[in-house]
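Breakdown of the fold
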Amino acid sequence: MSKPVMTAWITGAAGQIGYALLPHLCSGKTFGPDQSVKLHLLDLNIEAVQTALNEVKMELEDATYPLLKGVVCTGDAKVGGREAHPFAFTGADAVIMLGAFPRKDGLERKDLLEKKCGIFEEQGELLNTVASKTVK
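So, here is what we can say about the structure in this document. (Residues numbered from 1 in each chain as written. Predicted model: local features only at pLDDT ≥ 70, side-chain atom pairs only at ≥ 80, totals over all residues. Heavy atoms only, no water.)

Considering the packing of helix 1 (residues 16–27) against helix 2 (residues 47–62)
Axis angle and axis distance: for two packed helices, these are the angle between their axes and the distance between the axes, and together they describe the pair. Where helix 1 meets helix 2, the axes come as close as 11 Å, and the angle between the chain directions of the two elements is 35°. Crossing of helix 1 against helix 2: the hand is right-handed. Together, Y19, L22 and C26 of helix 1 and V56, E59 and L60 of helix 2 make up the contact between the two elements. Counted by class, the contact of helix 1 with helix 2 contains five nonpolar, no polar and one charged residues. (Axes fitted to C-alpha atoms, helices over the stretch in contact; angles between N-to-C directions. Helix = DSSP H or I, 4+ residues; strand = E, 2+ residues; numbered from the N terminus. Left-handed = near helix turned anticlockwise from the far one by under 90°. Contact = heavy atoms within 4.5 Å. Nonpolar A, V, L, I, M, F, W, Y, C, P; charged D, E, K, R; others polar.)

Overview of the pattern of salt bridges
Tallied over the entire structure, the rule returns two salt bridges. The residue K110 makes a salt bridge to D111 at a minimum N-O spacing of 3.5 Å. On the basis of relative accessible area, K110 is assigned to the exposed category, the value being 52%. (Salt bridge = Lys/Arg side-chain N within 4 Å of Asp/Glu carboxyl O. Buried < 20%, exposed > 50% of the residue type's maximum accessible area, 1.4 Å probe, protein only.)

Notes on the side chain of Q50
Its place among the elements puts Q50 in helix 2. With sequence-adjacent residues up to four places away left out, Q50 is seen in contact with D43, L44, N45, T74 and G75.

Topic: helix 1
The complete set of buried residues in helix 1 reads G18, L22, L25 and C26. Here the buried residues of helix 1 occupy an arc of 85° about the axis, which is enough to place them on one side. More than 90 degrees from the buried face of helix 1, the exposed residues found are Q16 and I17. At its buried positions, helix 1 is contacted by strand 1 (6–11), strand 2 (37–42), helix 2, strand 3 (68–74) and strand 4 (94–97). Looking one or two residues past helix 1, G28 carries a phi angle of roughly 95°, positive in sign. (Arc of directions from axis to C-beta.)

Quick word on the pairing of strand 2
In terms of burial, strand 2 is a largely internal element, five of the six residues being buried. For the crossover that starts at strand 1, traverses helix 1 and ends in the parallel strand 2, the hand is right-handed. Judged from the six bridges that link them, strand 2 and strand 3 form a sheet pairing that is parallel. Its bridge partner being in strand 3, L42 is matched across the sheet by T74. Note that the unit made of strand 2, helix 2 and strand 3 has a crossover that is right-handed. (Right-handed = clockwise from strand over helix to strand, strands pointing away. Pairing = 2+ DSSP bridges.)

By themselves, these observations are geometric and do not establish any function.
And the structure:
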């Protein structure tokens, strides 16, 4: 009997850590060699970041991982991708939070922390509301 497809959300997926992690998720090294997965990649809604995110998606699809059952990209946690999901994390079985907001020149530490706290607060509320009750 085959397992149901796992839905995994990765925030900050266009970054270096996300790029290095994604092959492990798709190859069975993270969730098991017989666990298929559908990835939802969430990153900042900035044109350059979304371009990089879609390039990551194309690389994953080109690699033809047998356990990978789909990749959805989005830059808005309140949209959740161009699917039937109204919000990020809808039905998520696993969520890996890698990124929030990059530090920029002239941005003070307290301002950076405020931005990151706002992002994680929004994501935490969505997780609590729409993710699977057994989300990890």
